[in-house]
Each structure stands twice: as structure tokens, then as C-alpha cells.
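Residue-level listing of the chains:
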Amino acid sequence: MTTIYNAQWIVPVSTEPFAEGGIAVSDSRIVAVSTRETLGQQFPQAEVRDFGPAAIIPGLVNSHSHLELTAMRGFLENEENDFFAWLKKLTIARLERMTADDLNVSAQWGLCEAARAGVTCVADASDAAFESMNALRAVGLRGLVFQESFGPDPRLAQENFAKLQTKITRLRELETALVKCGVSPHAPYTVCGPQLEMIAQFTLAEELPLMMHAAETLMEVALLREGSGALADGLKNRGIDWQTPGLSTIQYLKQRGILATRPLLAHCIHVDGADIETLGETGSKIAHCPKSNSKLSHGVAPLPKFLKQGIATGLGSDSVASNNVCDLFEEARYALLLARSGSAWKNPDTVLSVHDVLQLATRGGATALGMSEHVGALREGMQADFAIVSLNGVHQIPVYDPVSALIFSSSARDVVLTVVAGREVYRDGRVTNVDEDRLRARMKEISEKLSA
Ligand SMILES: [Zn+2]
């Protein structure tokens, strides 16, 4: 059974956009990308669905999320000027007020938002990876779920590492063709050096993907460089013996073996030229989260330099607690405008285009997750992960160039169809695999509990 999806514009990302075409899908794969006429001749028996004034694009890849925290959208606004207080309120609410089912519902709700936004694949960092993986399976998206590990106290490193190993064994049983697990030592300030080394070795031996938050805040820089600041005081107050490495985050992660795993690193804001070279040399990848970085006043990551260095880079929404939406069109637009609003425009090597940021949101993310052979572009033989975006809105017309219209004029709400591995997970205004009304009612309950 073959289905042809036609539209006014086809934006394969791996090749130039073209007009009046479509893609033919058989089971989970794209079997052809061509003009309407050619597809009609090639597949005369196919069911044809025509979306008219719209663009067919590869499914968007959200390279950094925390789906379990979807219930905390707008919950931490009063703590935003103090990241330490922000993390503390989040952690206490998460641990003391949310049940496993609450976390599952929260993750499913985040995935409904993603499906409606044309996102077909997420890289999710989770302390409740079991719930996140189950939520992915329920909603039908593709994803990598990284089980988080915490433990700043070296005396507990072995015990914390053993807990992680047990969890990974259980998570591997939940894996499917679409949903895989990985590991995430949370951050350099929440996981001690010896635990980082154990996790790095385990990751290599088990051939698991690894993601980690890195170089996100100046507090982290002060802790690693000088052993000072709020994070250092916090560790001292807990009686934890913190050995200051006197290095940047990136050099510290190299020293502890993390970069040998070719990790996916979220944020990478506070990095210098030598760090960027190290990231390139080690094959590390970056999840660029420009809106979250700005919302929490963490700074601006040097995106054009990452790209110039050839580092595989994707776009991440981060949790909606610091965004507050999962909208990769908005994220791409913001990434582009932010890169242009500094001094970058003076350097012709660092000017970004609409094509560059659409690439980040699709193929770049797929490459950062090690999936670019299967997803991230519209090409024969690839998995049928794609989205159809209406370009017929008042805010979009006229459309001279579809990529410009997608990046500068469009948002998640313009998506009309989302397909993962040939299955329509969002169509006709509804997420197809879960009951959104039930989830909406549960989200209300959870938010009442959190704000009580
Ligand atoms: Zn994060």
C-alpha cells in the first residue's frame, strides 16, 4: 500500500526545495520524492492526499527536552533570576509532589505538543526514563531517552553508578524500533568526577549514547575553574569534598573521559576557541537551546562557530519550564535572529541563513543523535518521518520562498500533519494515538497539586 502526499512545496533539506511535488510512502519508508506528475505515473494505484498551499518538510528533531517537566510550564517564573533557587524548586516539586503516573502524563502531554508541532523525534533527558519511554511508545514518536544520573559526593559514586546500571537493564527491555535509551550524567556540578569516569566507561562498553548538560552557567564556570560561587557553597554546606579541577567544563569533561563517548552536550554557552576545537576533534555533538539560554539569562552560545568547526548541532527546546513551548520554528527563528543580532554579521563566515537553521532543526538534529542515515531529510529509502506545514495563513501570504516563510513566518500551529515511520501521529487537528481530553484533565489535576 503506497500513499502519495502532495503539496505546493517540497523541502527535502538534503536537496533544493521544489514546487508542485510530493513524496510517496510505503509502510515505514519514503519510496520516492518527485513532482506530482512523476509520482502519479510511478504509483498509479496509490492513494493520493493533496495538501495544496503547504510545505512538506522532514520531521523536526528536538535534540534536547525534559518531557517529564511539561507540568512545570510557567511554574518557575519567580525563580528565574536565581538558577540555584530555580533548580531547587523544580527538584523538590518533582520529587515530592509528582507520582510516576503524573510524570508519565506530563511526558505524554509534552509529546502531544511535539506531535502537533511537527516534531517526529526527541532526545529526552529524564530522571524517570521509564515513564518517558512509555510515553513515547504511547504517542508514537521516535526518541532517545537518556536516563539521568546524579551524585556529587564521591563517597557515593559506586552506589549511584550501580543504580544507573540497574535502571538501564530495565529500560533496554522497553526499547522498540523507534524508542531507544541512553545515559545522562546530569551536569558537571551534580555528578562527581569518579562517577563521570564510571559512566563514560560503561557507555563505551555498552555502546550506549550519552548526553550531558555542559557549560550552561557562569556558576558552573566558577565552580570548575576556582571552586567558588553558589554551587561551591552548596556542595560545601552538604559536607561534600569537591576537588576543583581548575579547567573549563569542556576540558574537564575530556579529562574525565566523557568526550571519548562522542556525547551530545546541551547548551555549551561558556566555551572558548580551544574548547570548540576540542569539541570538534572529539566528535562531540551539541544541542543548541537558544530560547532556554536567554530565558534563564545564561548567555548566548556561539552557534556560528560550532557550525564553522563542523560540529554536529541540533536545536533543543529544553524543558518547557524554561521556554515555555516546544516550537522548533520559533526556536530556529530565534537562533537565527540571535546569531545575527550580535557582531556576527560583520564576519561573512558566520552569517547564518534560513537554510542553515532549518537544517539544524531537521538533519542537524538527526546527525547529533546519530540517526542521519534514517531521518532528517526527504529522500528515497529514508524513514517516512515528515511534517506538512500550511503556508496559507494571513501571516504567511505571500510566499516567495518556502524556507523563508517557514523560518520567518511560521510556527508550530501551522503544522497540519505529522508522520512518524509512515504512521500519522497528528492529523485533522487531533493527536491520533492518545486521548488528549483525558490528558488535559489530568494535567489540570497535576498543576493544582503543584501549586497547592
Ligand atoms: Zn536540560
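**Student:** Explain the overall build of the protein to me, please; I cannot follow it from the model alone.
**Tutor:** Along the protein, the regular secondary structure elements total 16 helices and 17 strands. In terms of principal-axis extent, the alpha carbons of the protein reach across some 70 × 50 × 45 Å. Counting over 452 residues, the protein shows a buried share of 59%. Look at the contacts in the protein between residues 6 or more apart in sequence, and 73% of them connect residues 24 or more apart.

**Student:** Would you mind showing me how to read the domain arrangement of the protein here?
**Tutor:** Where the parts come together, the accessible area they lose is often given as the size of the interface. For the protein, the domain assignment lists domain 1 (2-59 + 378-431) and domain 2 (60-368). Taken together, the 32 residues of domain 1 in the interface contact 29 residues of domain 2. The tally of links from domain 1 across to domain 2 stands at 1 salt bridge. The tally of links between domain 1 and domain 2 comes to 8 residue pairs in polar contact (both at pLDDT 80 or more). Among the secondary structure elements, those contributing two or more residues to the side of domain 1 that touches domain 2 are β5 (54-58), β14 (386-390), α15 (402-409), β15 (415-420), β16 (423-427) and β17 (430-431). Examining the composition of the side of domain 1 that touches domain 2, we find that 6 residues originate from one element, α15, more than from any other.

**Student:** Just to check I follow, could you spell out the coordination of the zinc ion for this structure?
**Tutor:** Tetrahedral coordination by four donors sets the ideal angle at the metal to 109.5 degrees; octahedral coordination by six donors sets it to 90 or 180 degrees. Bound to the zinc ion are the protein donor atoms His64 (NE2), His66 (NE2), His213 (NE2) and Asp318 (OD), situated 2.0 to 2.8 Å from the metal. In this structure, the zinc ion is coordinated by 4 donor atoms arranged in irregular fashion, with angles at the metal of 85 to 171°. Sequence positions of the residues that donate to the zinc ion give the spacing H-x1-H-x146-H-x104-D. With a gap of 105 residues between them, histidine 213 in strand β10 (residues 211-214) and aspartate 318 in the loop between β13 (313-315) and α13 (328-341) connect regions that are remote in the sequence. Using a relative accessible area of 7% as the deciding quantity, one classes aspartate 318 as buried.

**Student:** It is not clear to me how the environment of asparagine 81 should be interpreted in this structure. Could you clarify?
**Tutor:** Checked against the element boundaries, asparagine 81 lands in the loop between β6 (60-65) and α2 (83-97). With relative accessibility at 74%, the residue asparagine 81 sits in the exposed group. Between the C-alpha atoms of asparagine 81 and histidine 298, which are 217 residues apart in sequence, the distance is 10.0 Å.

**Student:** How do you make sense of the pattern of salt bridges when you look at a structure like this?
**Tutor:** As a working rule, side chains carrying opposite charge can pair if their charged atoms are close by. Enumeration over the complete set of coordinates arrives at 23 salt bridges. Note that arginine 442 is salt-bridged to aspartate 102, the shortest N-O span being 2.8 Å. Taken together, the positions of arginine 442 in helix α16 (residues 436-451) and aspartate 102 in helix α3 (residues 100-116) put the pair 340 residues apart, joining distant regions of the chain. We classify arginine 442 as buried; its relative accessible area is 15%. Owing to a relative accessible area of 2%, aspartate 102 belongs among the buried residues under this scheme. Across the pair arginine 256 and glutamate 197 runs a salt bridge, and its minimum N-O distance is 2.9 Å. One end of the pair, arginine 256, is in the loop between α9 (249-255) and β11 (264-267); the other, glutamate 197, is in helix α6 (residues 193-206), and 59 residues separate them in sequence. Looking at arginine 256, the relative accessible area reads 21%, which means it is partly exposed. Each of Asp101, Asp102, Arg442, Glu445 and Lys449 takes part in a single network of salt bridges with overlapping partners.

**Student:** So what exactly am I meant to see when it comes to the side chain of aspartate 385 here?
**Tutor:** Along the polypeptide, aspartate 385 turns up in the loop between α14 (354-368) and β14. Aspartate 385 has contacts with Pro58, Gly59, Thr120, Arg142, Val375, Leu378, Val419, Val420 and Ala421, leaving out every residue within four places of it along the chain.

**Student:** Can you walk me through the packing of α13 against α14 in this structure?
**Tutor:** Geometry of a packed helix pair, given as the angle between the helix axes and the separation of the axes. Close contact between α13 and α14 brings their axes to 9 Å; oriented N to C, the two are set at 135°. By the angle between their axes, α13 is oblique relative to α14. As for how α13 packs across α14, the hand of that crossing is right-handed. Of α14, the residues touching α13 (which contributes Leu328, Ala332, Ala335 and Leu336) are Val354, Val357 and Ala361.

**Student:** Hey, could you run me through unusual backbone geometry in this one?
**Tutor:** Backbone geometry follows two general trends: most residues other than glycine have a negative phi, and most peptide bonds adopt the trans configuration. Cis peptide bonds are those with omega within 30 degrees of zero, and the linkage from asparagine 323 to asparagine 324 qualifies with 10°. Mapped onto the fold, asparagine 324 is located in the loop between β13 and α13. That bond from isoleucine 397 to proline 398 is cis: its omega, 5°, falls within 30 degrees of zero. In this fold, proline 398 is placed in the loop between β14 and α15. At glutamate 20, a position not held by glycine, the phi torsion is positive, near 55°.

**Student:** Help me understand helix α8 (residues 230-237) in this model?
**Tutor:** Listed as buried for α8 are Leu231, Ala232, Gly234 and Leu235. The arc enclosing the buried residues of α8, seen along the axis, measures out at 160°, which places them on a common side. Facing away from the buried surface of α8 by more than 90 degrees, the exposed residues are Lys236 and Asn237. Residues of α8 that are buried make contact with α2 and α7 (218-226). A positive backbone phi angle near 75° is found at glycine 239, which sits one or two residues after α8.

Rules used in this analysis
- Residues numbered from 1 in each chain as written.
- Predicted model: local features only at pLDDT ≥ 70, side-chain atom pairs only at ≥ 80, totals over all residues.
- Heavy atoms only, no water.
- Helix = DSSP H or I, 4+ residues; strand = E, 2+ residues; numbered from the N terminus.
- Buried < 20%, exposed > 50% of the residue type's maximum accessible area, 1.4 Å probe, protein only.
- Contact = heavy atoms within 4.5 Å.
- Domains from an automatic or database assignment.
- Salt bridge = Lys/Arg side-chain N within 4 Å of Asp/Glu carboxyl O.
- Polar contact = N/O pair within 3.5 Å; in protein donor to acceptor, adjacent residues only side chain to side chain.
- Donors = N, O, S within 2.8 Å, 3.2 Å for Na, K, Ca; no water.
- Tetrahedral: all angles 85-135°; square planar, octahedral: opposite > 155°, others 65-115°.
- Axes fitted to C-alpha atoms, helices over the stretch in contact; angles between N-to-C directions.
- Parallel < 35°, antiparallel > 145°, perpendicular 65-115°, else oblique.
- Left-handed = near helix turned anticlockwise from the far one by under 90°.
- Arc of directions from axis to C-beta.

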